[in-house]
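# Survey of secondary and tertiary structure
Chain residues, written in single-letter form:
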Amino acid sequence: MLRKKWLPLVVTLIFILSVFLTSCGKTETQTPQQSQEQKTTPTASVQDSDNWTKAKDTSKIPEASKARTDTLIIGLHEPKGVFNPLYSETSYDNYVNSAIFDSLLEVDFDGTYIPSLAKSWDIDKDNNTITFHLRDDVKFSDGTPLTAKDVEFSYYVLADPTYDGPIALSAAGIKGFKEYNEGNADKIEGIKVIDDHTIQIQLEKVLGTSLSDLNIPVIPQHYYGKDFAKGKLDGVKALEQQPLGSGPYVFEKFVPGQEVRLVANENYWKGAPKIKHLIYKTTTEETAVQMLQTGETDYETSNITAKKDNVELLESLGFVDYSLLPTNGYGYIAFNHKLPKFQDVRVRKALAYGLNRKAIVDAVYQGLAEVRDVPQSKVSWAYPDEKDIIHYDYNPEKAKQLLDEAGWKLGPDGYRYKDGQKFTIHFLASSPNPVNDALVPMAVENYKELGIEFVAEPLEFNAIIDKVNKGDFEMYFMAWGLTPEPDPYTIFFSKGSQNKIGYANPKVDELILKGREETDINKRKEIYHELYKVLNDDLPYIFLYQRNDLNAKNSRVVGFQISSFRDFTYSLYQAEILQY
Amino acid sequence: MTQFIIRRLLQSIPTLIGASIIIFLIFAMAPGDYVTSQLQNPKMTEERAAQLRALYGLDKPLPQRYISWASGVLKGDLGDSLLFKKPVVRVINDFIWNSFILGVAIMFFEWLIASIIGIYSAIRQYSVFDTIATLLVFILYSLPSFFLGLVMLKVFAVDLKWFPLGGMITTGSNYTGWAHIVDVSKHMVLPVATLTLISVGGLSRYFRANMLEVIKQDYIRTARAKGLKERTVIFKHALRNALLPLITLFTLELPSLFAGAMITERIFNWPGIGKVVLEGIYIRDYPLFLGYTMLITVLTILANILADVLYGVADPRVRLK
């Protein structure tokens, strides 16, 4: 009795629901049908750079994307909404900010600095000044011209005692910075506006790294600086989600966790962007490829790991162009150089030879990452000649021999001993981490063969950083991100702020200082080649790998000229949509 | 009744203070802080780290930090999120309602379907329906949400294209009013279906067990003996009594409407509070995490009071004098 009256009700309910849902599905899926069959293949005025693997079958471009004739959708890991380039900390917020703001300088394809807002600059080594000459045709998107006052203002924000963003202007060594930042000075002595389009910076000392340290994004004073005074950045911070800059796109709307909408800046000084609307859409690793596949995004930059599986998947779609570029950074295994056992370079070398690094890297990146033997990106101008460096290919015999030489003798239990002490390595493994998942079992096995006990302790990332800062560690795996400027002062200089491993080598210190003080890039090249040879031989870390970044796009969008150093945001103004 | 509620509210104040101290301590004593996680920036120096810690107040002793945080909370100021660089209240407000509507929809369908399956299985215990339903709900119950979620996406969004691939609104759309509601509903179908299917198992077993217990009671036999219709017996005499323990369950589930579902929100790219807070934990954004946890704590305490009150309303036997 009961069930007979109950069930039809449920069935009806489900039926109504499904009718409702399918009907609203229909209203949305109608796309403008292009009636002309097979038009001539459209061509672009600016082509993609050569490092793209081009799609084979443009006929597979999804209809959903073709319907968007004047909108480019870029898939991105969730931006946090810090749309002020002086404050944004994640690279995702930075991608958005790069579309809205310009910097004094740009990074070229090879990692060197080239003009942008500053059309030229003079370096005066005798007086330790750098003078930037600004373009006189740049306007912010509200029509106000960009002048040296705006650059000065941006420097003042970065130098403010209450500034808590990520840009370290202190590293530049501007004269009077400390007095302003920590003391009572109400002006920074070293920053001088000469005229509307010239600004001079007086430094303590001009270094090879000065240009990189002084290169900052410029924000408009008339907009952000209304009630600015020293120690009072509230006005700047309050505009975090109403950005105004001089870049190719103008901010329109931010839907937290969903998307950022931008519209072309018709007055952009490099020329108005060819695509009217730009949307950064939040994607996740799980669905980034499917988003491209269904045409919901046109470009994906951060959420597809460079692995063989993913590349094959993208190729199978037919209409997707992809580009694999060496990531500007490297993974490494650190030693604690304060421990006697790691102070012997033969031991460090033995641990490098005795670990099958290639197998580890291949297990994680399926052949799309390379084993590295120096702490620098292969595509940097500072990278040494491969012939000049030692390649620590897996060689357990050599490792055993080195350990014998270092006095670590095999005991009866199969482990090595020196002065009655067993060779045991305590390894801090940040977890979850895919590299550690491959590294730990491999290291346990490889080092067991050498007679070394390898004990891994899985910990959360922050806990490891904490232990490393306190010096309470033996070995750990981590990765560094690099900037186009190759100076490794903070990492390998004996007093470097990020040299937490206690590494000290007078030769390295000397070369690092020499490289910093030289401003001629050709001379710096030689110095760094020499430096990396020393580091390669001395092994402050076991260098592990350099992986790749994967960019993928629908082949209907063209004009992206990218490199490891120059990301897609530089191409936004010239990119165009081919109307298939 | 009013007196009872006021008394319970007053009693919850020490509970709240105690909870806030424990939450604060757990978080403050976890290794690392927001500045530590920034040490991955090669340009970070010790002096800069110390300066940042001073700006964020992380250099003060723990009791002082607690007091300044707690007094802010009393004034309704949860501080600024370090990750989002804006007030925590605004961050929570940006995301929590998205989690809430998802939670409400899931709760509705979960209770609807679980009650139907549970009651029906109970009155026809060991029938074919009961066996199949039991098997099915247990299979679904045991599935991890990320797996079911990805399968749903593959089938219904990528292959069949019935529903959108995650997110909450159509990219670049400017719908308002009814069109907006329809748009959001379409995006909700897959995440709601995933979480409902997974959670329906547990709840339907509650329904079934409670009904079975009640049906065996003497008063049910009496009701049947009086010659009442089966319908009246089940719905008026059995179900009402079986629902009593479920009132508590239901009320205690209310705070979870605001809690967000970390994994599902991630898979379906739903802009909810769960994944935001998870990231906040990793990066040690303590104002965000503390603010969110305190909010959930307050809601849980309120839900407990509500559960007691409702139980009293529903069951005269436990009504307080």
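Keep in mind it's a predicted model, so treat the numbers as computed, not measured.

Moving on to the overall build of chain A. A count of helices and strands for chain A gives 19 helices and 24 strands. Taking the principal axes of the C-alpha coordinates as reference, chain A spans close to 85 × 80 × 55 Å. Per-residue burial for chain A yields a buried fraction of 47% across its 580 residues. For chain A, restricting intrachain contacts to residue pairs at least 6 apart in sequence, the fraction spanning at least 24 positions comes to 71%.

Of the residues lining the interface, 48 residues belong to chain A; the matching set on chain B comes to 44 residues. The set of elements that each furnish at least two residues to the side of chain A that touches chain B consists of α1 (2–29), β1 (71–76), β9 (259–264), β10 (277–282), α9 (288–294), α16 (461–470) and α17 (489–492) of chain A. With six residues, α1(A) is the largest single contributor of residues to the side of chain A that touches chain B. When the residues that make up the side of chain A that touches chain B are grouped by side-chain class, the tally is 19 nonpolar, 18 polar and 11 charged.

Moving on, we come to the domain arrangement of chain A. All names here are of chain A. Each assigned domain of chain A is listed here: domain 1 (50–76 + 247–318 + 554–579), domain 2 (99–236) and domain 3 (327–546). Between domain 1 and domain 2, the C-alpha centre-to-centre distance is 31 Å. In this complex, domain 1 contributes 16 residues to the contact, which on the side of domain 2 involves 16 residues. Grouping the amino acids of the side of domain 1 that touches domain 2 by side-chain chemistry returns 10 nonpolar, five polar and one charged.

Residue and element names in this part refer to chain A. In this sheet, β9 lies alongside strand β8 (residues 249–255) in antiparallel orientation, the contact comprising six bridges. The residue of β9 that forms the bridge with Phe254 is Val260. The antiparallel hairpin formed by β8 and β9 contains three residues in its connecting segment, where Gly257 sits at a positive phi of about 75°.

Residues and elements named next belong to chain A. In spatial order, the strands read β15-β16-β17; together these three strands make up an open sheet with antiparallel pairing. The two strands at the open ends of the sheet, each matched to only one other strand, are β15 (409–410) and β17 (421–422). Two elements, strand β16 (residues 416–418) and β17, share two bridges in a ladder whose sense is antiparallel. Bridge assignment links Tyr417 to a residue of β17, and that residue is Lys422.

All names here are of chain B. The N-to-C vectors of helix α5 (residues 88–123) and helix α8 (residues 177–215) enclose an angle of 35°; their axes lie 6 Å apart at closest approach. The handedness of the crossing between α5 and α8 comes out as right-handed. Of the residues that constitute the contact of α5 with α8, the class distribution is 21 nonpolar, six polar and two charged.

Turning next to the confidence of the model for chain B. Residues and elements named next belong to chain B. Here chain B averages 88 in pLDDT, while 99% of its residues score no lower than 70. When pLDDT is averaged over each helix and strand of chain B, the minimum, 81, is found for helix α2 (residues 34–37) and the maximum, 92, for α5. Scoring of the predicted complex yields 0.87 for pTM and 0.86 for ipTM.

A few words now on the sheet that holds β10(A). Residue and element names in this part refer to chain A. Here we have seven strands laid out as an open sheet, ordered β8-β9-β10-β1-β11-β22-β12, and mixed in their pairing. The open sheet has two edge strands with one neighbour each: β8 and β12 (320–326). Two strands pair when backbone bridges link them, and β12 and strand β22 (residues 548–554) are joined in this way by seven bridges, in the antiparallel orientation. Its bridge partner being in β22, Leu324 is matched across the sheet by Leu550. Against the sheet, helix α10 (residues 308–317) contacts β12 and β22, and its axis sits at roughly 155° relative to β12.

The predicted model of chain A averages 90 in pLDDT, with 93% of residues at 70 or higher. When the criterion is pLDDT under 50, residues 21–38 of chain A qualifies, and its contacts beyond four places in sequence or with other chains add up to nine contacts.

The next point concerns the environment of Ala463(A). Residue and element names in this part refer to chain A. Summarising the element assignment, Ala463 is placed in helix α16. The partly exposed category is assigned to Ala463, around which 18 C-beta atoms lie within 10 Å. Linking Ala463 and Gly367, residues 96 residues apart in sequence, is a C-alpha distance of 31 Å.

Glancing now at helix α18 (residues 506–517) of chain A. Residue and element names in this part refer to chain A. With 12 residues, α18 should reach 16 Å at 1.5 Å per residue; the first-to-last C-alpha distance of 17 Å fits that figure. Buried within α18 we find Leu511, Ile512 and Gly515. On an axial view of α18, the arc spanned by its buried residues comes to 100°, and they lie on one face. Contact partners of the buried residues in α18: α17 and α19 (521–538).

Rules of the game
- Residues numbered from 1 in each chain as written.
- Chains lettered and ligands numbered in written order.
- Predicted model: local features only at pLDDT ≥ 70, side-chain atom pairs only at ≥ 80, totals over all residues.
- Helix = DSSP H or I, 4+ residues; strand = E, 2+ residues; numbered from the N terminus.
- Buried ≥ 20, exposed ≤ 12 C-beta atoms within 10 Å, placed from the backbone.
- Contact = placed C-beta atoms within 7 Å.
- Nonpolar A, V, L, I, M, F, W, Y, C, P; charged D, E, K, R; others polar.
- Domains from an automatic or database assignment.
- Pairing = 2+ DSSP bridges.
- Axes fitted to C-alpha atoms, helices over the stretch in contact; angles between N-to-C directions.
- Left-handed = near helix turned anticlockwise from the far one by under 90°.
- pLDDT = per-residue confidence, 0-100.
- Expected span 1.5 Å × (residues − 1).
- Arc of directions from axis to C-beta.

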